[in-house]
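The primary structure of each chain is shown beneath.
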Amino acid sequence: MSEKIPVTVLTGYLGAGKTTLLNRILTEDHGKKFAVIVNEFGETGIDGDLVVGADEEVFEMNNGCICCTVRGDLIRILDGLMKRKGKFDAIIVETTGLADPAPVAQTFFVDQDVGDATKLDAVVTVTDAKWLTERLKDAPEAKNQIAFADVIILNKVDLVSAEELAEVEAAIRAINPYAKLHKTTRCELPIDQLLDRNAFDLDRILDIEPDFLESGHHHHHSDEVRSMSFTIPGDVDPDKFMPWINDISQAQGPNILRSKGILAFKDEPRRFVFQGVHMILDGDLQRDWKADETRNSRLVFIGRDLDEGELRKGFLACAA
């Protein structure tokens, strides 16, 4: 059976509730088996002991953050898991609270063996309703985790007032208006809202939510993490777009947390769907444009210190 194994990357700042969520996933009666990769920063690991699913495969990677020194360990563990394919239905990677999820996601694009055997299903970020406002002031990792998320869990909502909750939600939306947002207490959420969502599959998201990338979304954040979207009402010339997006990604990649788009290429009946993680781009031609669809070309950037005017001018210059 050649179907790829779905992988969920579970991230969130220290104390937000990641382990609580992971234990909920592993103990609910859903009939699925998971392989779990737990990463901690420090030589002595305890997260593996905090995970209660005794029947699951739990792998710890210590003494390093998953987004830097131990990414090689991640690849080796994933390679080892593939040799045991069939013994589990999905893989969950829980990162340390200090991790930038981008390099973790990049692993599924840049490593051929991993990419052939697995698919990144979603990046799920857990946030703390009580303390997130403070963390956004002093922890750039918290902003990156939100900006990169496909699904966001706003946890501990029982600890704040309605006004405080509205303020926190607005702060999250200012950074990432595109992620699916759930409000929870003790991460209580139906598992089917988190797993096997194909949330990293932009094409599927747009089938469900056609307005997902509509222009008009334009959000600022006080610390320069922002999102912006652009639309060309018609086709794009691939001979112009591909060199441009590659140049932009190489020049501004460190500042581009995520890029994504659905494009109508000139003389091409299929939609071109792409996603970017910093300087890594991945895209291909997918399904045909439907008869009732408008052939618009839409592009989204989420990042910091981005020149909106320059990006808009460059993209519009790619029109066919």
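Worth saying up front: this structure is predicted, and the values here are computed from it rather than measured. (Residues numbered from 1 in each chain as written. Predicted model: local features only at pLDDT ≥ 70, side-chain atom pairs only at ≥ 80, totals over all residues. Heavy atoms only, no water.)

Backbone geometry places C187, a non-glycine residue, at a positive phi of 55°. By secondary structure assignment, the location of C187 is in the loop between β7 (180–183) and α9 (202–208). By relative accessible area, C187 is classed as buried at 0%. Phi is positive for D267, which is not a glycine, with a value near 65°. Positionally, D267 belongs in the loop between β10 (256–264) and β11 (270–277). (Helix = DSSP H or I, 4+ residues; strand = E, 2+ residues; numbered from the N terminus. Buried < 20%, exposed > 50% of the residue type's maximum accessible area, 1.4 Å probe, protein only.)

Across the nine residues of β10, nine count as buried, placing the element largely inside the fold. Bridge count between β10 and strand β13 (residues 297–304): six bridges; the pairing is antiparallel. When the bridges of β13 are listed, K260 appears paired with V300. As judged from the six bridges shared by β10 and β11, these two strands associate in the antiparallel manner. Bridged to S259 within β11 is G276. Counting the residues between successive antiparallel strands, the hairpin from β10 to β11 contains five residues, one of them, D267, with a positive phi of roughly 65°. (Pairing = 2+ DSSP bridges.)

Counting across every chain of the model gives eight aromatic pairs. Geometrically, the ring pair formed by F241 and F315 is edge-to-face, given 6.3 Å between the ring centres and 75° between the ring planes. Of this pair, F241 sits in helix α10 (residues 238–252) while F315 sits in helix α11 (residues 308–316), and the two are 74 residues apart along the sequence. Feature note: the residues F230, F241, W244, F265, F272, F274, F301 and F315 constitute an aromatic cluster, connected by ring pairs. The ring centre of W131 lies 5.6 Å from the NZ or CZ of K130, which sits over that ring. (Phe/Tyr/Trp six-rings, centres within 6.5 Å; stacked < 30°, edge-to-face > 60°. Lys NZ or Arg CZ within 6 Å of the ring centre and 35° of its normal.)

On to the pattern of salt bridges, then. Within this structure, the stated rule accounts for nine salt bridges. R312 is paired through a salt bridge with E308; the nearest N and O atoms lie 3.1 Å apart. With R312 and E308 both in helix α11, this residue pair falls four residues apart, about one helical turn. The class for E308 is buried, based on a relative accessible area of 14%. Through salt bridges with shared partners, one network takes in R271, R287 and E293. (Salt bridge = Lys/Arg side-chain N within 4 Å of Asp/Glu carboxyl O.)

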